[in-house]
Amino acid sequence: MKHILEADSIQLEFDNRKILSDIYIKFETGKITGLIGRNGQGKTCLMQIIYGSLKCERSIRINKINQPKTFQIPELLMYLPQFNFIPKRLSLKRIFNDFELDYSLFEKRFPEFASKYNSSINNLSGGEHRLVELYIIVKSKSQFAMLDEPFTHLSPIQIEKVIELLKEEKSNKGILLTDHMFNHVTEICDDIYLLVNGKTHFIKNMEEIEKLGYTKLESIQ
Amino acid sequence: MSFWKNDFRSFAGIFWLKIITLALTYYFINSDKSKEFYYYQNLGVSKITLWVTTLIIDLSIFLFLIFVAQTLK
């Protein structure tokens, strides 16, 4: 079944400075939606507002039904923050049990975790730690997932595998992601929104990205 | 009866000390471990649920131990 999450009417101010004011963003089952923007434009704030952990005026609708407390219902929406969020003392066994995921499938996809079922997350490298966090958010049973800088700390091989995972998983859920690795974002995203001066712009062609001052296309080709 | 006559002042002192340490715990956990709340939120457990449960259990153990100490005295 196809699900659609829409967010708009968002007003966010810090110290009388408008951070977000003219927002419309939509993500849906079967698509990976990218949110790009320069540093400090409010991408993370927007994700936290949609998730509900940052309070402000907002309207979040799932399948046209208002959802004021999305963060209280993991079956609807899960969120990967840009920092490590799993308590360091927890073992992989405990984490996979908590999220009701099959470790053998994870191990099959990422063989480097073969002997680490009983290891605590604290004993993993930065890349492995991020991979576990990303995997549990992407594979858990929810209608939507938001990923804030999912490729941070990952090696090129891990990124390739993650891209494969996201492409597979988008048939089960709507995915919104933000990352500065522009090439990867454009490679996997079906839709892209650019956040500039508190407003979202739906990108119809790559030239718009340059016109809106996010990047120079010649520098990324 | 003797508790209210003789020991209430020391209980009140210990009780307020307990409240102060709980407030400090609340403050430091919220500032040092705030990122880890996302783990529980992704499991559907809100911050409020975590805190209310923890504080009720902690205070109950405290009151139970005070009661045991008073009984054994």
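Before any of the text, the structure's been laid out above.
Parameters and conventions
- Residues numbered from 1 in each chain as written.
- Chains lettered and ligands numbered in written order.
- Predicted model: local features only at pLDDT ≥ 70, side-chain atom pairs only at ≥ 80, totals over all residues.
- Heavy atoms only, no water.
- Salt bridge = Lys/Arg side-chain N within 4 Å of Asp/Glu carboxyl O.
- Helix = DSSP H or I, 4+ residues; strand = E, 2+ residues; numbered from the N terminus.
- Core = buried A, V, L, I, M, F, W, Y, C linked by side-chain atoms within 4.5 Å.
- Buried < 20%, exposed > 50% of the residue type's maximum accessible area, 1.4 Å probe, protein only.
- Contact = heavy atoms within 4.5 Å.
- 1 Å grid on protein atoms, 1.4 Å probe; cavity = no way out; pocket = protein on both sides within 12 Å on 5 of 7 lines; lining within 4 Å.
- Points joined across faces, edges and corners; volume = space filled by probe spheres on them.
- Nonpolar A, V, L, I, M, F, W, Y, C, P; charged D, E, K, R; others polar.
- Buried area = accessible area lost by both parts, 1.4 Å probe.
- Polar contact = N/O pair within 3.5 Å; in protein donor to acceptor, adjacent residues only side chain to side chain.
- Expected span 1.5 Å × (residues − 1).

Engineer: What is the right way to read the pattern of salt bridges from this model?
Structural biologist: Side-chain pairs of opposite charge can arise whenever the charged atoms involved come near each other. Residue and element names in this part refer to chain A. Applying the stated criterion across every chain, the model contains 15 salt bridges over all chains. The closest approach of N and O atoms between Arg-109 and Glu-168, which form a salt bridge, is 2.6 Å. One end of the pair, Arg-109, is in helix H3 (residues 103-109); the other, Glu-168, is in helix H5 (residues 156-169), and 59 residues separate them in sequence. Three or more residues are tied together by salt bridges with common partners; here these are Lys-2, Lys-26, Glu-28, Lys-31 and Asp-191.

Engineer: When you look at the nonpolar core in this model, what are you seeing that I'm missing?
Structural biologist: Soluble globular proteins tend to bury their nonpolar side chains together. Residues and elements named next belong to chain A. By size, the foremost hydrophobic cluster in this structure holds 77 residues, and its most contacted members are Leu-20, Ile-50, Leu-147 and Leu-166. The biggest single contributor to this core is helix H4 (residues 126-139), with seven residues. The residues touching Ile-50, leaving out its near neighbours within four places in the chain, are Leu-5, Ala-7, Ile-25, Arg-58, Ile-60, Thr-70, Leu-77, Met-146 and Leu-176.

Engineer: How do you make sense of the layout of surface pockets when you look at a structure like this?
Structural biologist: Residues and elements named next belong to chain B. Considering only enclosed or pocket space, the largest pocket measures out at about 330 Å³ in volume. Secondary-structure elements contributing two or more residues to the lining of the largest pocket are helix H1 (2-32), helix H2 (37-42) and helix H3 (47-72). With five residues, H3 is the single largest residue contributor to the lining of the largest pocket. Tallied by class, residues from the lining of the largest pocket come to eight nonpolar, two polar and four charged. Considering only enclosed or pocket space, the second largest pocket measures out at about 260 Å³ in volume.

Engineer: Would you mind showing me how to read the interface of chain A and chain B here?
Structural biologist: Note on interface size: it is often stated as the accessible area lost on association of the parts. Listed as interface residues are 22 residues of chain A and, on the opposing side, nine residues of chain B. Buried surface at the junction of chain A and chain B, summed over both partners, amounts to about 1,400 Å²; 59% is from carbon and sulfur atoms. On the chain A side of the interface with chain B, the three residues burying the most area are A:Phe83, A:Phe85 and A:Pro87, jointly 30% of the side's total. Viewed at the interface, chain B and chain A are joined by zero salt bridges. Counting every contact that joins chain A to chain B gives six residue pairs in polar contact (both at pLDDT 80 or more). Elements supplying a minimum of two residues to the side of chain A that touches chain B: helix H1 (43-51), strand S7 (77-80) and helix H2 (92-98) of chain A. When residues in the side of chain A that touches chain B are grouped by element, the largest group, three residues, is from H2(A). The residue inventory of the side of chain A that touches chain B, partitioned by class, reads 14 nonpolar, four polar and four charged.

Engineer: Looking at this structure, how should I read H4(A)?
Structural biologist: Helical geometry: 3.6 residues make up each α-helical turn, so side chains three or four residues apart lie on a common side. Taking 1.5 Å of rise per residue, the 14 residues of H4(A) would be expected to cover 20 Å, and the 20 Å separating its terminal C-alpha atoms lies within 8% of that figure. In terms of burial, H4(A) is largely enclosed, as twelve of its 14 residues are buried. Every buried residue of H4(A) is listed here: A:Gly127, A:Glu128, A:His129, A:Arg130, A:Leu131, A:Val132, A:Glu133, A:Leu134, A:Tyr135, A:Ile136, A:Ile137 and A:Val138. Along its buried surface, H4(A) packs onto S7, H2, H3, strand S8 (144-148) and H5 of chain A together with H2 of chain B.

Keep in mind these numbers describe shape, not what the thing actually does.
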